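Structural characterization, general
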Amino acid sequence: MNSPKNMIIDTLKGLAVLVLFQLLGEGLAQILPLPVPGPVVGMVLLFFVLRQLPPPTWLISTAGRLISLLSLFFIPAGVGIFFLPEALQQQWPAILAAIIGGTLLSIALTGLILKALTRALLNNE
């Protein structure tokens, strides 16, 4: 069993790796004319690295901790909605339509991609 000191060191190593890939992504996004934010580029880089190398347990545990706290990252945005100026509050039908439309589109695309990947997987077997 890990001691608290080892758990802290493992968490710091995991955060360092995640921040490093974010910085790499930011650098590439600045150098290359990519229409994608730097953190997304960094996440794609990390994905390709982890496809080649097995992820260490300390990185898995750090990512798991961050995912378990993910809802906390949305609290500032949720609170900010209550303090929108009058002009933005008048746009609530458009905002609501965008949220509902985006959600439905995401669900539909996820279903289509899952269907295509399942079909491809079954054809390869």
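For every chain, the first residue of the written sequence is number 1, and numbering continues from 1 along that sequence. Only residues with pLDDT of 70 or above have their local features reported here, since the model is predicted, and side-chain atom pairs are shown and tallied only from 80 upward, although totals for entire chains, interfaces and linings are computed over all residues. Calculation of side-chain values draws on the structure's entire complement of heavy atoms; hydrogens and water are dropped beforehand.

Next up on the list: the overall build of the protein. When its secondary structure is counted, the protein shows six helices and zero strands. Each principal axis of the C-alpha distribution contributes one length, and for the protein these read about 55 × 45 × 35 Å. In the protein, buried positions account for 10% of the 125 residues. For the protein, restricting intrachain contacts to residue pairs at least 6 apart in sequence, the fraction spanning at least 24 positions comes to 48%. Accessible surface area values rest on a Shrake-Rupley calculation with a 1.4 Å probe, where residue burial reflects the displayed protein chains alone. Here the protein has roughly 10,200 Å² of accessible surface; of this, 76% comes from carbon and sulfur atoms. For the protein, the separation between the mean place of its 6 positive charges and that of its 4 negative charges on side chains is 12 Å. Put simply, DSSP H or I for four residues or longer makes a helix, DSSP E for two residues or longer makes a strand, and each gets a number counted from the N terminus. Burial classes follow relative accessibility: with a 1.4 Å probe on protein chains only, a residue under 20% of its type's maximum area counts as buried, one over 50% as exposed, and anything between as partly exposed. Here a residue-residue contact requires only that any non-hydrogen atoms of the pair lie within 4.5 Å. Two residue types count as positive, namely Lys and Arg, and two as negative, namely Asp and Glu; His and chain ends fall outside the count. Charge placement uses NZ in Lys and CZ in Arg. For Asp and Glu, CG and CD serve respectively.

Before going further, it helps to spend a moment on the environment of Ala 108. Tracing the backbone shows Ala 108 in helix H6 (residues 92-124). Placed 43 residues apart in sequence, Ala 108 and Arg 65 show a C-alpha to C-alpha distance of 30 Å.

Aromatic pairing here means that ring centres of Phe, Tyr or Trp (its six-membered ring) are within 6.5 Å. Orientation follows from the plane angle: under 30 degrees is stacked, over 60 is edge-to-face, and everything else is tilted. Going through the model one piece at a time under the given rule, you end up with one aromatic pair. Between Phe 47 and Phe 48 the ring centres are 5.4 Å apart and the planes differ by 65°, which places this aromatic pair in the edge-to-face class.

By salt bridge we mean one thing: a side-chain nitrogen of Lys or Arg within 4 Å of a carboxyl oxygen of Asp or Glu. In the structure shown here, the tally under the stated rule is one salt bridge. With its nearest N and O atoms 3.7 Å apart, the salt bridge here joins Lys 13 to Asp 10. Of the two residues, Lys 13 and Asp 10 are both situated in helix H1 (residues 4-31); the distance of three residues between them amounts to about one turn of the helix.

What follows is about the side chain of Thr 11. Looking at the element boundaries, Thr 11 is found in helix H1. Side-chain atoms alone can form a polar contact between residues adjacent in sequence; in general such a contact is a pair of N or O atoms within 3.5 Å, and within protein one must be able to donate a hydrogen while the other accepts it. Within the structure, the side chain of Thr 11 is placed 2.9 Å from the backbone oxygen of Met 7, a separation counted as a polar contact. With sequence-adjacent residues up to four places away left out, Thr 11 is seen in contact with Thr 62 and Arg 65.

Turning our eyes to something else, we now look at the packing of H1 against helix H2 (residues 38-52). A pair of packed helices can be characterised by two numbers: the angle between their axes and the separation between those axes. For helices, the axis comes from a line fit to the C-alpha atoms of the stretch in contact; other axes are also lines fit to C-alpha atoms, and the angle between any two N-to-C directions lies between 0 and 180 degrees. The geometry of H1 relative to H2 is characterised by a closest axis approach of 7 Å and an angle of 120° between their N-to-C directions. If you check the angle between H1 and H2, you find them oblique. H2 is crossed by H1, and the crossing has right-handed handedness. Here Leu 18, Phe 21, Gln 22, Leu 24, Gly 25, Glu 26, Leu 28 and Ala 29 of H1 come into contact with H2, specifically with Gly 38, Pro 39, Val 41, Gly 42, Leu 45, Leu 46 and Val 49. Classifying every residue of the contact of H1 with H2 by side-chain character gives ten nonpolar, four polar and one charged. For classification, angles of less than 35 degrees are called roughly parallel, those exceeding 145 degrees roughly antiparallel, those between 65 and 115 degrees roughly perpendicular, and all remaining angles oblique. Should the near helix be turned anticlockwise from the far one by less than a right angle, the crossing is left-handed, and should it be turned clockwise, the crossing is right-handed. Amino acid classes used here: Ala, Val, Leu, Ile, Met, Phe, Trp, Tyr, Cys and Pro are nonpolar; Asp, Glu, Lys and Arg are charged; the rest, including Gly, are polar.

What follows is about a nonpolar patch on the surface. Like-charged residues within 9 Å of one another, or nonpolar side chains (Val, Leu, Ile, Met, Phe, Trp, Tyr) within 5 Å, are grouped into patches, provided each residue has over 30% relative accessible area and no salt bridge. Taken together, the side chains of Leu 28, Ile 31, Leu 32, Leu 34, Val 36, Val 40, Met 43, Val 44, Phe 47 and Phe 48 define a hydrophobic patch exposed on the protein surface, amounting to about 890 Å² of accessible area. Looking at the nonpolar patch, the elements that each hand over two or more residues are H1 and H2. Mapping Leu 32 onto the fold places it in the loop between H1 and H2. Judged by its relative accessible area of 40%, Leu 32 is partly exposed.

Turning our attention to H2. What a helix should span is 1.5 Å times the count of its residues minus one. Here H2 spans 22 Å end to end across 15 residues, near enough to the 21 Å set by a 1.5 Å rise per residue. On its buried face, H2 is in contact with H1.

Below, the discussion takes up the confidence of the model for the protein. pLDDT measures how confident the predictor is about each residue, on a scale from 0 to 100. Residues with a pLDDT of 70 or more make up 94% of the protein, whose mean pLDDT is 88. Within the protein, no element has a lower average pLDDT than helix H5 (residues 86-89), which sits at 71, and none a higher one than H2, at 93.

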